[in-house]
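In case you want the letters, here they are:
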Amino acid sequence: MPDEAPGDLAGPSRPGPLATAQAQLASAISQLGYDEGMHAMLATPRREINVAIPLRRDDGRTELFHGFRVQHNVSRGPGKGGLRFHPSVDVDEVRALAMWMTWKCAVVELPYGGAKGGVAIDPRYYSAGELERVTRRYTSEIMPMIGPERDIMAPDIGTDAATMAWVMDTYSVNRGYTIPGVVTGKPLEVGGSLGRATATSRGVVHSTRAALAEGGRKLDEVSVAVQGFGKVGAHAADFFDDAGARVEAVSDQYGAIHSSRGLHVQRVMEHVRETGSVVGYPDADPIDNAQLLALDVDVLVPAAVEGVLTADNAGDVRARWVVEGANGPTTPDADAILADRGVVVVPDILANAGGVVVSYFEWVQAQQAYWWTEPEIEARLAERMQIAYDAVAQMARTRDVSLRDGALLIGVQRVATAHRTRGLYP
Ligand code: GLU
């Protein structure tokens, strides 16, 4: 059995998210005993597009950006995955994120494959009008590849409901009629779903609750540190606070804050609305990001970007549970160190799947033009997360592996089964 991805499969030249994703796949393939042909197929994106996006700046200058859309796998249904605006986006990162979407959708049993898009831009430095033009040009460049039955976008880092409205509008205007199902995470006014904006965070809390229960613990008796106070981390911190957990620390790209008494998360959110950062929040001490990751708390939630827990700092983690709100925050080396030290890692493709679950609910609602109530959505999300957690935990127990491996084995197996059942054409 090969223990690494075949050499001609666009493997990364530098360690990064694609190396992590490929190493995870290689390990799952060898545990499942699949052959090299299956490995090669699952290691290679089905389709990719690479587009140049010229932007007319507000001051009249022109600037060029690079954008990507990768459909990793579409065997179980249309591609599904977010659109990221971040300066470090490159094709390898988008490939990794697309692969994780494939396993994630399979783990929570959505009828989707995996896809991801990205534009290498720092949205903090561009006006709303400029971001709208970038979004519309990007959408128009990738038009042939997307659609409600082909590939469905959603928000990710640096994009939001407004971005999705521009994508939907550009796509719809070009097709000649309104097609809400081409994106999820839309504003409610144009076919979005109740509960979508906070769904990833709710899912993080559901999966934490399930993991704690296995260790005989409850949310209202644990302390939590959340790295990243964006769309996922801020709401997760808020829901942890609501559930009675003591949120001791949070951070953003500017710094971190800590209070051993617990933070009043709503007040931290207010401070962020006023100042743009958690830094300077009065009822807490400033700490740095490395200190946050090493805090003596029960639960650590990395909810920012990839590759924050590495061989260099995994040994410092004192939390007993790491719940991955972000995609790919833990490298394989760090995973091994955490496992040795008895830290339970609830993996990204399970822990943060709440977002894509409610994306699926939104897509189903849009296809039927019939909208559900918020309690219905919350209840169905909670149920799906519990079912997925139980399946992963069961797989991990049966094979005596980590939750990460359990989740990957389920995801990879479901996708491989779809391949085999459909057969090869021609
Ligand atoms: N960007 C989110 C993720 O990484 C959501 C994707 C979606 O809803 O399609 O899971």
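A quick note: this is a predicted structure, and the numbers were derived from the prediction, not measured.

Quick notes on helix 3 (residues 91-107)
Turning to step 1, where the next piece is worked out: If you check helix 3, its first and last C-alpha atoms are 24 Å apart, about what 17 residues at 1.5 Å a residue would give, namely 24 Å.
Turning to step 2, where the next piece is worked out: Burial of helix 3 is extensive: 16 of the 17 residues sit out of reach of the surface.
Turning to step 3, where the next piece is worked out: N-capping of helix 3 is provided by D90, with a side-chain oxygen placed 3.2 Å from the backbone N of D92.
Turning to step 4, where the next piece is worked out: At the exit of helix 3 stands E109, carrying a positive phi of roughly 55 degrees.

Quick look at the sheet that holds strand 12 (residues 344-346)
Turning to step 1, where the next piece is worked out: Spatially, 9-8-7-6-10-11-12 is the arrangement adopted by the seven strands of the open sheet, whose pairing is mixed. Looking along the sheet, the strands with just one partner apiece sit at the ends: strand 9 (285-287) and strand 12. Neighbour-to-neighbour, the strand axes of the sheet open up by a mean angle of 20 degrees, direction not taken into account.
Turning to step 2, where the next piece is worked out: Strand direction decides the pairing type here: strand 11 (residues 321-323) and strand 12, joined by three bridges, are parallel. Each residue of the ladder has a partner; that of V322, found in strand 12, is V345.
Turning to step 3, where the next piece is worked out: Across the sheet, helix 6 (residues 199-214) is in contact with strand 10 (299-302), strand 11 and strand 12; its angle to strand 11 comes to roughly 155 degrees.

Some remarks on the environment of T398
Turning to step 1, where the next piece is worked out: Relative to the elements of secondary structure, T398 occurs in helix 13 (residues 374-399).
Turning to step 2, where the next piece is worked out: Residue class for T398 comes out exposed when judged on its relative accessible area of 58%.
Turning to step 3, where the next piece is worked out: Between the C-alpha atom of T398 and that of S260, which follows or precedes it by 138 residues, the distance is 38 Å.
Turning to step 4, where the next piece is worked out: For T398, the side chain forms a polar contact with the main-chain oxygen of Q394, separated by 2.7 Å.

Focus on a positive patch on the surface
Turning to step 1, where the next piece is worked out: Among the surface-exposed residues, R46, R47, R150, R175 and R422 lie close enough to one another that they form a single positively charged patch.
Turning to step 2, where the next piece is worked out: Here R422 is to be found in helix 14 (residues 403-422).

Here we look at the site of the ligand
Turning to step 1, where the next piece is worked out: Around the ligand sit 14 residues in total, of which K80, K104, D156, N327 and S359 are the nearest.
Turning to step 2, where the next piece is worked out: Separating an oxygen atom of the ligand from a side-chain N or O atom of K80 is a distance of 2.7 Å.
Turning to step 3, where the next piece is worked out: Here K116 contributes a side-chain N or O atom positioned 3.1 Å from an oxygen atom of the ligand.
Turning to step 4, where the next piece is worked out: Notes on the ligand: free accessible area 300 Å², of which the protein chains cover 95%.
Turning to step 5, where the next piece is worked out: Elements represented by at least two residues in the shell around the ligand include exactly strand 3 (79-85), helix 3, strand 5 (151-155) and helix 12 (354-368).
Turning to step 6, where the next piece is worked out: Residue composition of the shell around the ligand, grouped by class: four nonpolar, five polar and five charged.

What about the confidence of the model for the protein?
Turning to step 1, where the next piece is worked out: Averaged over the protein, the pLDDT score is 96; the fraction of residues at 70 or greater is 96%.
Turning to step 2, where the next piece is worked out: Low pLDDT, under 50, characterises residues 1-14; the predicted model gives this stretch 28 contacts beyond four residues in sequence or across chains.

Considering the sheet that holds strand 3
Turning to step 1, where the next piece is worked out: Taken in spatial order, the five strands of this open sheet run 1-2-4-3-5, and their pairing is mixed. This sheet does not close on itself; its edge strands, each paired only once, are strand 1 (47-56) and strand 5. Each strand axis lies, on average, 20 degrees off the axis of its neighbour in the sheet, ignoring direction.
Turning to step 2, where the next piece is worked out: Pairing of strand 2 (residues 62-73) with strand 4 (residues 114-119) involves six bridges; the strand directions are antiparallel. Within the sheet, the bridge partner assigned to V70 lies in strand 4 and is K116.
Turning to step 3, where the next piece is worked out: The sheet contacts of helix 4 (residues 128-142) involve strand 1, strand 2, strand 3, strand 4 and strand 5, and relative to strand 1 the element is tilted by about 145 degrees.

Regarding the pairing of strand 10
Within a regular beta strand, the side chains point alternately toward one face of the sheet and then the other, so they alternate between its two faces.
Turning to step 1, where the next piece is worked out: Covered by surrounding structure in strand 10 are V299 and V301 together with L300 and P302, the residues of both alternating faces.
Turning to step 2, where the next piece is worked out: Relative to strand 11, strand 10 is paired through two bridges, and the arrangement is parallel. Each residue of the ladder has a partner; that of V299, found in strand 11, is W321.

Conventions we followed
Residues numbered from 1 in each chain as written. Predicted model: local features only at pLDDT ≥ 70, side-chain atom pairs only at ≥ 80, totals over all residues. Heavy atoms only, no water. Helix = DSSP H or I, 4+ residues; strand = E, 2+ residues; numbered from the N terminus. Expected span 1.5 Å × (residues − 1). Buried < 20%, exposed > 50% of the residue type's maximum accessible area, 1.4 Å probe, protein only. Polar contact = N/O pair within 3.5 Å; in protein donor to acceptor, adjacent residues only side chain to side chain. Pairing = 2+ DSSP bridges. Axes fitted to C-alpha atoms, helices over the stretch in contact; angles between N-to-C directions. Contact = heavy atoms within 4.5 Å. Patch = residues over 30% accessible without salt bridge, like charges linked within 9 Å, V, L, I, M, F, W, Y side chains within 5 Å. Areas by Shrake-Rupley, 256 points an atom, 1.4 Å probe, with all protein chains shown as cover. Salt bridge = Lys/Arg side-chain N within 4 Å of Asp/Glu carboxyl O. Lys, Arg positive; Asp, Glu negative; His and termini not counted. Charge placed at Lys NZ, Arg CZ, Asp CG, Glu CD. Near = heavy atom within 4 Å. Nonpolar A, V, L, I, M, F, W, Y, C, P; charged D, E, K, R; others polar. pLDDT = per-residue confidence, 0-100.

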